[in-house]
Amino acid sequence: NIIEELGDCEWYIANYANIWDLPLPVEVTFVPEQYMNLNASHTIALLQDLDKKELAYPKIALVSERERLMNLLLVQVEGVAFCFGIDTNDMRQKNIDKLRERYGEKFDTYKAINRDLIKERAILEGK
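Just so it is clear, the structure is predicted and the values come from calculations on it, not from any experiment.

Student: Describe the nonpolar core, with residues and values.
Tutor: Counting 16 residues, the largest nonpolar core has Leu6, Ile13, Leu47, Met70 and Ile86 as its most contacted members. Of all the secondary structure elements, the ones that give two or more residues to this core are α1 (2-19), α2 (40-56) and α3 (63-83). Ranked by residue count, the leading element in this core is α3, at 6 residues. Aside from chain neighbours lying at most four places away, what touches Met70 is Ile13, Tyr16, Ala17, Leu22, Pro23, Leu24 and Leu47.

Dropping the structure here:
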């Protein structure tokens with residue numbers, strides 16, 4: 001299930017970038033030696049703190065800090081994939097295919113609740 005979960009993480013990162021109008025890097029560089037310092041939960045907490053400042057308090061977070069943390073989180077997800085020998089391009093494509101199977105071209109709450117898990121699992125497993 002890790003391929004699906006990591007693919008979902010990258011999907012959420014892409015949506016986060018879209019919401020805050022931040023560019024996603026064209027290429028993510030992960031250096032294998034960095035994998036000992038993969039603390040994604042800390043990075044997420046820092047991003048949430050920036051969001052809290054913007055949404056709950058009258059403070060403006062630095063765009064550059066939000067972008068830095070978002071990119072760091074993307075590198076951390078890529079690092080986990082690296083540790084498990086997962087091809088991230090394939091992972092992302094499977095996630096897109098799963099979501100297309102679920103929703104077609106547009107999100108639908110009913111379809112989100114009433115999913116065909118057998119079809120989705122087949123897509124994720126490459127069947």
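Here the narrative resumes.
Student: Account for the pattern of salt bridges, naming residues and giving values.
Tutor: One pass over the full model with this rule turns up 14 salt bridges. For the salt bridge of Asp90 with Lys94, the shortest nitrogen-to-oxygen distance reads 3.3 Å. With Asp90 and Lys94 both in helix α4 (residues 88-103), this residue pair falls 4 residues apart, about one helical turn. Residue Asp90 is classed as partly exposed on the basis of its relative accessible area of 37%. Take Lys94: its relative accessible area is 15%, and that puts it in the buried class.

Thresholds applied
Residues numbered from 1 in each chain as written. Predicted model: local features only at pLDDT ≥ 70, side-chain atom pairs only at ≥ 80, totals over all residues. Heavy atoms only, no water. Core = buried A, V, L, I, M, F, W, Y, C linked by side-chain atoms within 4.5 Å. Buried < 20%, exposed > 50% of the residue type's maximum accessible area, 1.4 Å probe, protein only. Helix = DSSP H or I, 4+ residues; strand = E, 2+ residues; numbered from the N terminus. Contact = heavy atoms within 4.5 Å. Salt bridge = Lys/Arg side-chain N within 4 Å of Asp/Glu carboxyl O.

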